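Take a look at the letters that make up each chain.
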Amino acid sequence: MNKSAYDVVVVGCGIVGAACAMEFAARGMRVAMVERDVIGSGATAAGMGHIVVMDDSEAQFALTRYSQQLWQELRPELPDDVEYEQCGTIWVAADEEEMEEVRRKHKYYQARGVPTEILDPHRLKTLEPNLRDGLVGGLLVPEDVVLYPPCAARFLVERAQKYGASLRTCVDIVQVGDKGVRLTDGEEIAAGIVVNATGASAPELAPGVEIKKRKGHLVITDRYPSFLRHQLVELGYLKSAHSISSDSVAFNVQPRRTGQILIGSSRQYGAEGSEVESGILMRMLQRAQEYMPALASLSALRAWTGFRAATPDKLPLIGPMPGEKTRFLAAGHEGLGITTSLGTARILADHITGSQPAIPIDPYLPSRVAKAYSHA
Ligand SMILES: Cc1cc2nc3c(=O)[nH]c(=O)nc-3n(C[C@H](O)[C@H](O)[C@H](O)COP(=O)(O)OP(=O)(O)OC[C@H]3O[C@@H](n4cnc5c(N)ncnc54)[C@H](O)[C@@H]3O)c2cc1C
């Protein structure tokens, strides 16, 4: 690998790689994108596409909110098939303890400029009549959005190409070196920088990187327009999403523009196969029916699974591999990579070009969880 043909090779064209490629190319860098399958075929094809502000930590809030604002800016340019809908999220409280969490979240978001509204049981039922009786209330976050991730990834890749980036699909990168990458067919692409954006596969090219696969199931129904208006998530979701040992399910439903309803979600560690597992699928659907009994009368069309890329501290890995100058990571986004793709790309490009970022990159730098990273 001699003279660099490219400034940067982005490995993986999921939503994160696509966003990075677009950001680099927009800044005038010479970009090559390489994808082992087709664009947006990994977790990006499996995800729900909920663009959601989260507050597990200040760092998570900063990246989700910043990214959501970048999606808002991009909205006028998004093609129709990205299905960007600002339907808002309602966090549903089933008991007084969860209502306490509603009030805490409301205060936290208000203090940081995120509009929210506390809902009493009557208003909750008015907004979402198919929720069961007896729920205690909820928190409406009106600026949250849903979109269709594979088309969003394709749009970002096309935008990168418009800025001059090249794309190769259906070819694996098997080795990342200091001066570029080697493909399955033996071809080498020389580049000053390599960005590993391969999601849950990131450790294959960067052994030692602490990313584990966290399997999730989703179900999509036939078309039932007006059945559901907001993304609904039980507040118990926060407890299950935090669990790092056991399998968990939570009520999480989403209205699609087609009138279909996307039903989630489950979380499993150690489940390596992509098959749909009836046991956890049934648990997930039962949980959904506990909150929305009328779901039982709808027809489901399809169920599928995907793998979130989970890090030990639930924050993504964005920045140079520890002790390195040419190999970078943009991976480990767990259940928030659709949301945080644009922010990830922006702060990574700022870091590489020496520009002042809107939010500090430090909480996401791979060096925080550095172990013994080594060459593939
Ligand atoms: C069930 C489920 C629900 C989710 N819901 C949401 C949600 O509502 N909101 C949200 O923000 N996030 C959600 N997520 C998370 C989100 O889908 C992911 O965080 C995001 O898609 C990660 O994108 P990525 O580009 O990092 O990874 P991926 O989409 O997995 O892309 C990685 C790409 O790299 C390619 N690749 C791998 N190895 C190589 C190689 N050696 N050479 C070349 N190419 C390679 C793969 O083929 C793949 O296309 C959900 C995830 C799941 C599983």
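The structure we're discussing is the one just above.
Everything numeric in this text was worked out from a predicted model, so none of it was measured.

Caption draft 1: Representation of the overall build of the protein in the model. When its secondary structure is counted, the protein shows 10 helices and 18 strands. For the protein, the C-alpha radius of gyration of 20 Å lies close to 21 Å, the compact-globule estimate for 376 residues. With the C-alpha coordinates aligned to their principal axes, the bounding extent of the protein is approximately 70 × 45 × 40 Å. A burial count over the protein gives 56% of its 376 residues as buried. Once local pairs closer than 6 in sequence are excluded, the contacts in the protein between residues at least 24 apart make up 75%.

Caption draft 2: Structural view of the nonpolar core. Among the nonpolar cores identified, the biggest contains 52 residues, and F24, V31, W71 and L156 are the most heavily contacted of them. Those residues in contact with L156, other than ones at most four positions away along the chain, are I15, A18, A19, M22, W71, L74 and L342. Listed in part, the 26 residues of the second largest apolar core include L135, V219, F227 and L298.

Caption draft 3: The arrangement of the pairing of strand β13 (residues 231–234) in detail. The two faces of β13 match: Q231 and V233 on one face and L232 and E234 on the other face are all buried. One ladder, built from 4 bridges, connects strand β4 (residues 89–93) with β13; its direction is parallel. By the bridge assignment for β13, W91 is matched with V233. For β13 and strand β14 (residues 248–255), the ladder comprises 2 bridges, and the chain directions are antiparallel. Bridging from a neighbouring strand, L232 pairs with V253 of β14.

Caption draft 4: Summary view of the site of the ligand. Neighbouring the ligand are 36 residues, the closest being E35, T44, I173, E334 and T339. Measuring from an oxygen atom of the ligand, one finds a side-chain N or O atom of E35 at 2.5 Å. Here an oxygen atom of the ligand sits 2.8 Å away from a polar atom, N or O, in the main chain of E334. Contact with the protein chains hides 95% of the accessible area of the ligand, taken as 1000 Å² for the molecule alone. For the shell around the ligand, the elements supplying multiple residues, two or more each, are α1 (15–26), α2 (43–46), β16 (300–310) and α10 (337–353).

Caption draft 5: Geometry of the state of the cysteines. Applying the stated rule across the entire model yields 0 disulfides. Summary of cysteine pairing: C13 is not part of a disulfide, and the nearest cysteine sulfur, belonging to C20, is at 10 Å. With no disulfide partner, C151 has as its closest neighbouring cysteine sulfur the one in C13, 15 Å distant.

Caption draft 6: Seen up close, unusual backbone geometry. Here the residue pair G264 and S265 is connected by a cis peptide bond, since its omega of -10° sits within 30 degrees of zero. Structurally, S265 can be placed in strand β15 (residues 260–269). The residue E83 is not glycine, and still its phi comes out positive at about 55°. In this structure, E83 sits in the loop between α3 (58–74) and β4. The exposure class assigned to E83 is buried, which follows from its relative accessible area of 18%.

Caption draft 7: Focus on the packing of α3 against α10. Between α3 and α10, the least distance of the axes is 7 Å, while the angle of their chain directions is 90°. Classified by the interaxial angle, the pair formed by α3 and α10 is roughly perpendicular. For the pair formed by α3 and α10, the contact residues are L63, T64, Y66, S67, L70, W71 and L74 on the first element and I338, T339, T340, S341, L342, G343, T344, R346 and I347 on the second.

Caption draft 8: Highlighting helix α9 (residues 278–291). With 14 residues, α9 extends 20 Å between its outermost C-alpha atoms, agreeing within 8% with the 20 Å of an ideal straight helix rising 1.5 Å per residue. Taken residue by residue, α9 has I280, L281, M284, L285, A288 and Y291 as its buried positions. Buried residues of α9, seen end-on, are gathered within an arc of 135° and therefore sit on one face of the element.

Caption draft 9: Representation of the sheet that holds β13 in the model. Pairing within the open sheet is mixed, and its 8 strands lie in the order β5-β6-β4-β13-β14-β15-β12-β16. One side of each edge strand has no neighbouring strand; the edge strands of this open sheet are β5 (117–119) and β16. Averaged over all pairs of adjacent strands, the angle between strand axes in this sheet comes to 20°, irrespective of strand direction. Strands β4, β5 and β6 (137–141) of the sheet are contacted by helix α4 (residues 96–111), whose axis makes an angle of about 25° with β6. Docked against the sheet, α9 engages β4, β12 (212–223), β13, β14, β15 and β16, running at close to 60° with respect to β14.

Conventions we followed
- Residues numbered from 1 in each chain as written.
- Predicted model: local features only at pLDDT ≥ 70, side-chain atom pairs only at ≥ 80, totals over all residues.
- Heavy atoms only, no water.
- Helix = DSSP H or I, 4+ residues; strand = E, 2+ residues; numbered from the N terminus.
- Rg over C-alpha atoms; globule rule 2.2 N^0.38 Å.
- Buried < 20%, exposed > 50% of the residue type's maximum accessible area, 1.4 Å probe, protein only.
- Contact = heavy atoms within 4.5 Å.
- Core = buried A, V, L, I, M, F, W, Y, C linked by side-chain atoms within 4.5 Å.
- Pairing = 2+ DSSP bridges.
- Near = heavy atom within 4 Å.
- Polar contact = N/O pair within 3.5 Å; in protein donor to acceptor, adjacent residues only side chain to side chain.
- Areas by Shrake-Rupley, 256 points an atom, 1.4 Å probe, with all protein chains shown as cover.
- Disulfide = S-S within 2.5 Å.
- Axes fitted to C-alpha atoms, helices over the stretch in contact; angles between N-to-C directions.
- Parallel < 35°, antiparallel > 145°, perpendicular 65-115°, else oblique.
- Expected span 1.5 Å × (residues − 1).
- Arc of directions from axis to C-beta.

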